[in-house]
Amino acid sequence: MATIRQLKRRIQSVKNTAKITNALQLVAASKMRRAQDRAEQSRPYAQKLRVVLAGLATQSSEDQDVARHPLLVSRPVSNIAVLHITPDRGLCGGLNANMNRSAGTFVAMQHEPVQVVAVGKKGRDFFVRAHVHLAAEFTDLGDYPSQADTLGITRLIIDDYLAEKVDRVYVSFPEFVSTATQRPTIRQLLPIEPPAAVEGEDEAQLADYIFEPSPDVVLAGLLPRYIEMQIYEAILQNAASFQSAQMVAMKNATDNAQDITRELTLTDYKARQEQITKELLDIVGGAAALEG
Amino acid sequence: MPLTVELVTAERVVRVEPGVDVLVVPGSEGQMAILPHHAALMTTLDPGELVMRRAGQEDAFAVTGGFLEVRNDRVTVLADAAEPFEEIDAARAEAARARAEERLRLYREGRAGDLDVARASAALQRSLMRLRIVQRRRRPGPPRV
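Residues numbered from 1 in each chain as written. Chains lettered and ligands numbered in written order. Predicted model: local features only at pLDDT ≥ 70, side-chain atom pairs only at ≥ 80, totals over all residues. Heavy atoms only, no water.

Caption draft 1: Expanded view of unusual backbone geometry. Between L190 of chain A and P191 of chain A the backbone carries a cis peptide bond, its omega angle lying at -10°. Even without a glycine there, the phi angle at D140 of chain A is positive, about 55°. With respect to the secondary-structure elements, D140 of chain A resides in the loop between β3 (133-138) and α5 (147-162). For D140 of chain A, a relative accessible area of 54% corresponds to the exposed category. Even without glycine at this site, H37 of chain B takes up a positive phi of about 70°. Within the fold, H37 of chain B resides in the loop between β4 (30-34) and β5 (41-54). (Helix = DSSP H or I, 4+ residues; strand = E, 2+ residues; numbered from the N terminus. Buried < 20%, exposed > 50% of the residue type's maximum accessible area, 1.4 Å probe, protein only.)

Right, dumping it as structure tokens:
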């Protein structure tokens, strides 16, 4: 049984931890709102790009010349690249472990040689430990990565693909479903699978467009931007997922600390009461002895 | 019926403006003005100035390229980067111009080997475009055409 002094020390220590986790929780909550807001801001652009591309791709699938754009052509796969996007830091519950397990399993399942492009320290460290070939790493993108920060990544991916160093590219990132849920997601980036037409009307009317300079040129301009946008979106989702996972993890930690404090305080009271009772018994016993 | 113009980039919604009478954009085939009832159009954009005119008012933006779609009097501009001219950072544009020119100079003199010329000249073009807009708009003078 711990002494009262030990108990007091323990309570203070738990309370101090709770203060830190509470502060982290508040910081993460405000950063999460900003990160989500940024993801929100990029949505109109992404949506429009998808609709236009879906229309163009369905239209051009009949036109042999356009369909042969190198970013659309699927070729025999002998090398695979995985763009693995994770947070730089921990203290965010199971997020990093889940991400790495999902990507690790995926890599292990491939029959062709896989190289990994890691964005974020946690994913990089995982693949370094697993002895998987790292083609490149990008870390310290910050809490609010800008599109300019992600362009270098896109460039590397597209260059490697066009140089036929890799024949298929996947992106692995934590999809932000809600504050409580972040789902490890793996999607194919290259060759581009044109998004399915969203609304029938857009597709039908696209044939009537005037294209300047020509449909091929417009498509050739849109495709790299589509990749750019997908990577940027994944990185934004990663930022939002990290902040919300951290917020939830820190909230749980704060709650647990409060539970422990409550239990320890109770133990402390009991111990003190016991001591007082013992002292009283001694005094009463002593007095009785004197009288006797 | 006036045009509704949406100017968006991957990072943010720069401006949504209903009631635009004339939209002037830097098309890759040359500058063009878009009026209401324009036919459905899809075009690529070059770096340049985008102007929205409405009811005697004019808003100018610097755009570094992208795409433009017109359909049913709705215009969507998917810009690589765009900012209202009031937000243009002249000092930054000037610095970018100097840097790009320096790089191109080194390349011409054969002192820069592994240099991405296309990138440097694109950067030069962008910075010149921004500086031009700032010069034209901020100097008080006779009305522009």
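There is more to say, and it comes next.
Caption draft 2: Fine view of a positive patch on the surface. All names here are of chain B. On the surface, R92, R99, R103 and R119 cluster together into a positively charged patch. The element best represented in the positive patch is helix α1 (residues 90-108), accounting for three residues. By the secondary structure assignment, R99 is in helix α1. Judged by its relative accessible area of 48%, R99 falls in the partly exposed class. (Patch = residues over 30% accessible without salt bridge, like charges linked within 9 Å, V, L, I, M, F, W, Y side chains within 5 Å. Areas by Shrake-Rupley, 256 points an atom, 1.4 Å probe, with all protein chains shown as cover. Salt bridge = Lys/Arg side-chain N within 4 Å of Asp/Glu carboxyl O. Lys, Arg positive; Asp, Glu negative; His and termini not counted. Charge placed at Lys NZ, Arg CZ, Asp CG, Glu CD.)

Caption draft 3: Main features of the domain arrangement of chain B. Residue and element names in this part refer to chain B. Taken domain by domain, chain B holds domain 1 (3-85) and domain 2 (89-138). Placing the centre of domain 1 and that of domain 2 at their C-alpha centroids yields a distance of 25 Å. Contacts between the two partners involve 13 residues from domain 1 and, on the opposite side, eight residues from domain 2. Counting each side, the surface lost to burial between domain 1 and domain 2 is near 960 Å², with a carbon and sulfur contribution of 57%. (Domains from an automatic or database assignment. Contact = heavy atoms within 4.5 Å. Buried area = accessible area lost by both parts, 1.4 Å probe.)

Caption draft 4: Broad picture of helix α3 (residues 95-109) of chain A. For α3 of chain A, built from 15 residues, the straight-helix expectation of 21 Å at 1.5 Å per residue is met to within 8% by its first-to-last C-alpha distance of 21 Å. Where α3 of chain A is buried, its residues touch β1 (80-85), β2 (114-119), α4 (121-129), β4 (168-176), β5 (182-190) and α7 (215-291) of chain A. (Expected span 1.5 Å × (residues − 1).)

Caption draft 5: Geometry of α1 of chain B. All names here are of chain B. Helix length check: α1, at 19 residues, gives a terminal C-alpha distance of 27 Å against a target of 27 Å (1.5 Å per residue), a fit within 8%. Among the residues of α1, A93, A96, R97, A100 and L104 are the ones counted as buried. With its buried residues spanning 105° around the axis, α1 presents them on a single face. Residue D89 occupies the N-cap position of α1, its side-chain oxygen lying 3.2 Å from the main-chain nitrogen of A91. (Arc of directions from axis to C-beta. Polar contact = N/O pair within 3.5 Å; in protein donor to acceptor, adjacent residues only side chain to side chain.)

Caption draft 6: The packing of aromatic side chains, seen in detail. All names here are of chain A. Evaluated as defined, the whole model comprises three aromatic pairs over all chains. Ring geometry for F106 and Y170: centres 4.9 Å apart, planes at 75°, overall edge-to-face. Taken as a pair, F106 in helix α3 and Y170 in strand β4 lie far apart in primary sequence, 64 residues in all. Grouping residues by exposure puts F106 and Y170 together as buried. Taking 6.2 Å as the distance between ring centres and 35° as the angle between the ring planes, the aromatic pair formed by Y209 and F211 counts as tilted. With respect to class, Y209 is no different from F211; both count as buried. Positioned above the aromatic ring of Y144, the side-chain terminus of R34 is 3.7 Å from the ring centre. (Phe/Tyr/Trp six-rings, centres within 6.5 Å; stacked < 30°, edge-to-face > 60°. Lys NZ or Arg CZ within 6 Å of the ring centre and 35° of its normal.)

Caption draft 7: The environment of L7 of chain A, seen in detail. Along the chain, L7 of chain A falls in helix α1 (residues 4-60). Look at L7 of chain A and you get buried, because its relative accessible area is 6%.

Caption draft 8: Inspection of the interface of chain A and chain B at higher detail. If you look at the interface, chain A gives 26 residues, while chain B gives 27 residues. Approximately 2400 Å² of surface area, both sides summed, lies buried where chain A meets chain B, with 58% of it carried by carbon and sulfur atoms. The largest per-residue losses of area from chain A upon contact with chain B belong to Y45, Y209 and E212 of chain A, which jointly make up 28% of the total buried on that side. On inspection of chain A and its partner chain B, the count reaches two salt bridges. A salt bridge links R225 of chain A to D80 of chain B, with the nearest nitrogen and oxygen atoms 2.7 Å apart. For the side of chain A that touches chain B, the secondary-structure elements that each account for two or more residues are α1, α5, α6 (200-206), β6 (210-212) and α7 of chain A. With eight residues, the single largest contributor to the side of chain A that touches chain B is α1 of chain A. When grouped by side-chain class, the residues that make up the side of chain A that touches chain B number 12 nonpolar, six polar and eight charged. (Nonpolar A, V, L, I, M, F, W, Y, C, P; charged D, E, K, R; others polar.)

Caption draft 9: Inspection of the packing of α3 of chain A against α4 of chain A at higher detail. All names here are of chain A. Where α3 meets α4, the axes come as close as 10 Å, and the angle between the chain directions of the two elements is 45°. Our classification of the angle between α3 and α4 gives oblique. For the crossing formed where α3 meets α4, the hand is right-handed. Counting all contacts with α3, which are made through N96, N100, A103, G104 and V107, the residues of α4 involved are K122, G123, F126 and F127. The residue makeup of the contact of α3 with α4, split by class, is four nonpolar, four polar and one charged. (Axes fitted to C-alpha atoms, helices over the stretch in contact; angles between N-to-C directions. Parallel < 35°, antiparallel > 145°, perpendicular 65-115°, else oblique. Left-handed = near helix turned anticlockwise from the far one by under 90°.)

Caption draft 10: Looking closely at the sheet that holds β3 of chain A. Residues and elements named next belong to chain A. On the basis of which strands lie adjacent, the open sheet formed by five strands has the order β3-β2-β1-β4-β5 and mixed pairing. Both edges of this open sheet fall to β3 and β5, since each of them pairs with a single strand only. Between one strand axis and the next, the sheet turns through 20° on average, direction left out of account. In this sheet, β2 lies alongside β1 in parallel orientation, the contact comprising six bridges. Within the sheet, the bridge partner assigned to I85 lies in β2 and is V119. (Pairing = 2+ DSSP bridges.)

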